[in-house]
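Structural overview for review
What follows is each chain in one-letter form.
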Amino acid sequence: MALIFRWLVRLASALIFLAIALLVLAYYFASRSLPDYEGTREVAGISAPVEIVRNNANVPHIFGETDEDVFFALGYAHAQDRMWQMTMLRRTAQGRLSELFGERTVRIDEAMRRFDLYNLAVASVPAQTEETKATLDAYAAGVNAWLREVNAGALGRGAPEMWLFNHPVAPWQAADSIAILKLMALEMTSSLGEEVLRARTSLLLGNDRLKDILPDDPTAPLTSLPEYAALVPDVPSYSPNMRMAYDPLSPINPVPLSGASNAWAATAARSATGSTLLANDPHLGLTAPSIWYLARVELENGGVIGGTIPGVPAVLAGRSDTVGWGATSASVDDQDIFIEEINPDNPNEYRGPDGWEPFRTRDGIINVKDGPAITLRLRWTANGPVMPPDQFDLGTITPPGHVTAISWTALSDRDTSMSAVLAITKSRSVEEAIRAGRDLVAPATNLVVADRNRVALKVIGALPARDAAHQSQGRLPSFGYLPQNRWQGRYPYDENPVFLDPEGGILGNTNNKITDAPFPRNLTFEWGDTQRIQRWRRLMQAREVHTRDSFIEAQLDTVSYAALTLSTLMGADLWFTGDAAPVGTPERRRQDALNLLSAWNGEMNEHLPEPLIYAAWTRAFQQRLIRDELGPLANEYTHVDPVFIERVFRDIDGASVWCDVIQSAPVETCTDIARQSLDEALIWITENYGEAIEAVRWGDAHVATQDHPALGNTPFLEWIVNIRQSTSGGDQTLQRGTTSGEDPYPFRNVNAAGYRGVYDFADPDSSVFVISTGQSGHPLSRYYDNLGELWRRGEYIPMSLDPALARAAAVGVTVLRPAN
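Quick look at the structure, then. (Residues numbered from 1 in each chain as written. Predicted model: local features only at pLDDT ≥ 70, side-chain atom pairs only at ≥ 80, totals over all residues. Heavy atoms only, no water.)

1. Here we look at the overall build of the protein chain
Scanning the protein chain from terminus to terminus reveals 24 helices and 29 strands. In summary, the protein chain has a C-alpha radius of gyration of 27 Å against a globular reference of 28 Å for 820 residues, a match within 12%. Over its C-alpha atoms, taken along the principal directions, the protein chain stretches across nearly 85 × 85 × 75 Å. For the protein chain, the residues scored as buried account for 61% of the 820 residues in total. Residue pairs at least 24 apart in sequence account for 72% of intrachain contacts in the protein chain once pairs closer than 6 positions are excluded. A total accessible area of about 31200 Å² is found for the protein chain, and carbon and sulfur atoms account for 54% of it. (Helix = DSSP H or I, 4+ residues; strand = E, 2+ residues; numbered from the N terminus. Rg over C-alpha atoms; globule rule 2.2 N^0.38 Å. Buried < 20%, exposed > 50% of the residue type's maximum accessible area, 1.4 Å probe, protein only. Contact = heavy atoms within 4.5 Å. Areas by Shrake-Rupley, 256 points an atom, 1.4 Å probe, with all protein chains shown as cover.)

2. Quick notes on helix α2 (residues 67–94)
In this model α2 runs just 29 Å from its N-terminal to its C-terminal C-alpha over 28 residues, more than 12% under the 40 Å that 1.5 Å per residue would give. The axis of α2 is deflected most strongly, by about 100 degrees, at R82. For α2, a buried count of 27 out of 28 residues is recorded, marking the element as mostly surrounded by other parts of the structure. Of the residues flanking the end of α2, it is G95, one or two places downstream, whose phi is positive at about 70 degrees. (Expected span 1.5 Å × (residues − 1). Bend = angle between axes of the 7 residues up to and from the residue.)

3. Section: the packing of helix α16 (residues 561–571) against helix α18 (residues 610–630)
At a minimum axis separation of 11 Å, α16 and α18 run at an interaxial angle of 65 degrees. In the packing of α16 onto α18, the handedness of the crossing is left-handed. Here A562, A563, L566, S567, M570 and G571 of α16 lie close against α18, whose contacting residues are Y614, W617, T618 and F621. (Axes fitted to C-alpha atoms, helices over the stretch in contact; angles between N-to-C directions. Left-handed = near helix turned anticlockwise from the far one by under 90°.)

4. Looking at the side chain of D451
In this fold, D451 is placed in strand β17 (residues 445–451). It turns out D451 is buried and unbridged, and the closest side chain with the opposite charge, R454, is 6.1 Å from it. A polar side-chain atom of D451 sits 3.2 Å from the main-chain amide nitrogen of V430. Every residue in contact with D451, bar those within four places of it in the chain, is listed here: T276, T322, V323, S429, V430, E431 and F761. (Lys, Arg positive; Asp, Glu negative; His and termini not counted. Salt bridge = Lys/Arg side-chain N within 4 Å of Asp/Glu carboxyl O. Polar contact = N/O pair within 3.5 Å; in protein donor to acceptor, adjacent residues only side chain to side chain.)

5. Re empty space enclosed by the protein
Counted according to the given criterion, the structure contains 8 cavities of 30 Å³ or more. Its volume calculated, the largest cavity comes out at about 400 Å³. What lines the largest cavity is a set of 28 residues, among which M188, L316, A327, P443 and T445 lie closest to the centre. Elements that contribute at least two residues to the lining of the largest cavity include exactly α8 (174–188), β4 (260–266), β5 (277–285), β9 (323–329), α12 (417–426) and β17. When residues of the lining of the largest cavity are assigned to their parent elements, the largest contribution, 5 residues, is made by β9. Split into classes, the residues belonging to the lining of the largest cavity amount to 20 nonpolar, 8 polar and no charged. Of the voids in this model, the second largest cavity is the one considered here, and its volume is about 230 Å³. (1 Å grid on protein atoms, 1.4 Å probe; cavity = no way out; pocket = protein on both sides within 12 Å on 5 of 7 lines; lining within 4 Å. Points joined across faces, edges and corners; volume = space filled by probe spheres on them. Nonpolar A, V, L, I, M, F, W, Y, C, P; charged D, E, K, R; others polar.)

6. A word on the pattern of salt bridges
For the coordinates displayed, the defined rule picks out 50 salt bridges. Here R466 ties to D333 by a salt bridge, and the two come within 3.5 Å at their closest N and O atoms. Here D333 lies in the loop between β9 and β10 (335–343) and R466 lies in the loop between β18 (455–460) and β19 (478–479), a separation of 133 residues in the sequence. Each member of the pair, R466 together with D333, is buried. Ionic contacts of the salt-bridge type, sharing partners, join the residues E606, R697, D700, E789, R792, R793 and E795 into one network.

7. Considering unusual backbone geometry
Leaving glycine out, the prevailing phi sign among residues is negative, and the prevailing peptide bond configuration is trans. Residue A288 is joined to P289 through a cis peptide bond whose omega torsion reads 0 degrees. If you check the backbone angles, F392 has positive phi at about 60 degrees while not being a glycine. For F392, the location among the structural elements is in the loop between β15 (384–387) and β16 (402–408). The residue D653 is not glycine, and still its phi comes out positive at about 55 degrees. Turning to its location among the elements, D653 is positioned in the loop between α19 (642–649) and α20 (670–689).

8. Observations concerning the state of the cysteines
Enumeration according to the criterion identifies 1 disulfide in this entry. Across the disulfide, C659 is cross-linked to C670 (sulfur-sulfur distance 2.0 Å). With the S-S bond torsion at 95 degrees, the cross-link from C659 to C670 turns out right-handed. Residue C659 is located in the loop between α19 and α20, and its partner C670 is located in helix α20; the two are separated by 11 residues in the primary sequence. (Disulfide = S-S within 2.5 Å.)

9. What to know about the sheet that holds β17
Taken together, the 11 strands give an open sheet; going across it, the order is β1-β29-β2-β3-β6-β7-β8-β9-β17-β18-β20, and neighbouring strands pair in mixed fashion. Edge strands, defined here as strands with exactly one partner in the open sheet, are β1 (39–43) and β20 (498–500). Along the sheet, successive strands turn relative to each other by an average axial angle of 15 degrees, direction set aside. As judged from the 2 bridges shared by strand β8 (residues 317–320) and β9, these two strands associate in the antiparallel manner. Bridge pairing in β9 places R319 opposite G324. Contacting β1, β2 (50–54), β3 (60–63), β6 (293–299), β7 (302–308) and β29 (812–818), α2 runs over the sheet at an angle of about 160 degrees to β6. (Pairing = 2+ DSSP bridges.)

10. Digging into the packing of α18 against α20
It is at 8 Å that the axes of α18 and α20 come closest, and there the two elements cross at 125 degrees. Considering their axes alone, α18 and α20 lie oblique with respect to each other. Here α18 and α20 pass one another in a crossing that is right-handed. Along the contact surface, α18 presents L612, I613, A616, W617, A620, F621, R624 and L625, while α20 presents C670, I673, A674, Q676, S677, L678, E680, A681, L682, W684, I685 and Y689. Looking at the contact of α18 with α20 residue by residue, the classes come out as 16 nonpolar, 2 polar and 2 charged. (Parallel < 35°, antiparallel > 145°, perpendicular 65-115°, else oblique.)

Okay, here's the thing in structure tokens:
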């Protein structure tokens, strides 16, 4: 027995030693790709020495003789810190993820091949200005210089992920950067998903109740639509979902998680400092690392600092010493679904306005890791690419003998959006920035811009021109052969809405409605916000003059106007009612919860129990309202719509009928449903977060889920690559933290302001910014999450263009010298 014990000890010791050795070896190979920020390198592609000074937050400050040299160095810095992220963005646009991830991403690749974004990007290169083409070439040369350095120096393949997903990395090209911009346009649009959901709901409910559950902005006039069943006959009233579950590698977001943002500005008259102020926080999906990367570039016409996206040679949100700019999603209806009839005698033809027309076709091949290659027959009609029924649930709204084609502004082979964002980066005044926006195609955005004297908001991007006689006004899929349904081109840029130096001295946008123009000049029916704007207006009106700090306070505000409204309506007949009940009973839990909510100010603070009670209550309430009418389709309504619930409680146009359960004999009231849903919510909370209702925390549920898209669900590695943080805010707060809406963690924060910036032009160097993770994409780097805790606490780092401040505590200075 002693001998066996000794051998067991030796075996255990050997296994422990082997495990430690493997860990050390893995760390060694992974750490080889950590970049050295200090030193001098000789590179081909620059005309004079370039200096990359990385300040104490690892933000690169780039100084060079020419703009091309500076953008070369930006490409070099992006590649140093985010090479894996850049290659994944490019692969996504190309539809080549399955070469690395196998069957998991085939459907994603298929969608990208059918949109054909990468080939459209290649075709768009000649359409750029000469200055932009030179910048793209210089940037690509900088990325490729780092790739050569990785190969020559055996620097761990450039990123630790490359060891797990080994693949050759092609040299960077100009088209790659344009493709990433198109990819961002796809991530920020939701029109296609909204059309499908509206059509599916119309098939079940008709239009009388559609206006309740999918309400327009309350300030917009009511519009009448044909029922989808009448518009497109022979579609079943309900078909099960056909699309794949959401994958973090996919750029196609569920409708509630499409892009959003806040941006506002104050004129000198409303600023305590005597010059203009601007704040911006774009909202995108949270990932590790963040999609944002902070950088300063010293151009020939002055320094520019702000948020960039790795792979794109431009500052997309930031400032120079004379002008600052930010953007919000304009919520433009930039996509339409067309139902195309197939010739029953020739499946290679579809019906056009003048008869049968041939599909334009091309074959594509998706190579799948550990599986056979898949050949796709890609088809296009005059309206756009044909999508199969299992993409976007299009099969649920398509009649037999038909296919669906997609029109989308980003499907342009002369997309000059890159020239536009580069020109905005180099602009020196409000007027120059607005002129620069003329070339933007997609995504359509509200450009908010301020120089030292003026502020403005201008809608930039292609706005599709629809016929006033369009059958569905672009809100439902429609037949593609009818001329009145087809797009008539795009509206002139000069006719896009613009607001310059408003009389009140403050302008801003939270994705709210910005125009009262009727269809077809209305931009959209589906404005992205009806709630945050109420809180923003109150905060702006509360002060006669504003400061940088008051703008920061507004940017970080966590009071939910919707929560105050809905909790009051839902609890109106429940406050302080009921008999005394012993501790631990459902009645007592309900009374305790109502007591908490009765004194609550609507603040979605991570340390409070009230936000969790409110969120769980409204979620359960909405599901009880719609489940009996919609059945399985209710699962598509993952997020609470405050306008819908308010319509129900106020019985607007008879909307209180939703409270009665169709299948039950009694007639339920809204008070009944409110009480039942509160009890249901409290049971769910106690099962998941503890019995003591007063001790639960919103932050335990509202965890910022900044996960690695490729490795976020990998056992053990997930503890290294994911960044999770307790956060305040919610779906309807200015400090927006959009919840997932999906069980078992419906309140996780998955979409938020990955970049925040506030600029004061009375003292530009007092401006501040921050991103949600860190600058590096390397999980072993100390800069992988160094800014994340600041972001969570609502803190910022200085946004100075002073070279001395950057050098004062620099973590490294890289000097690039011409090779010859």
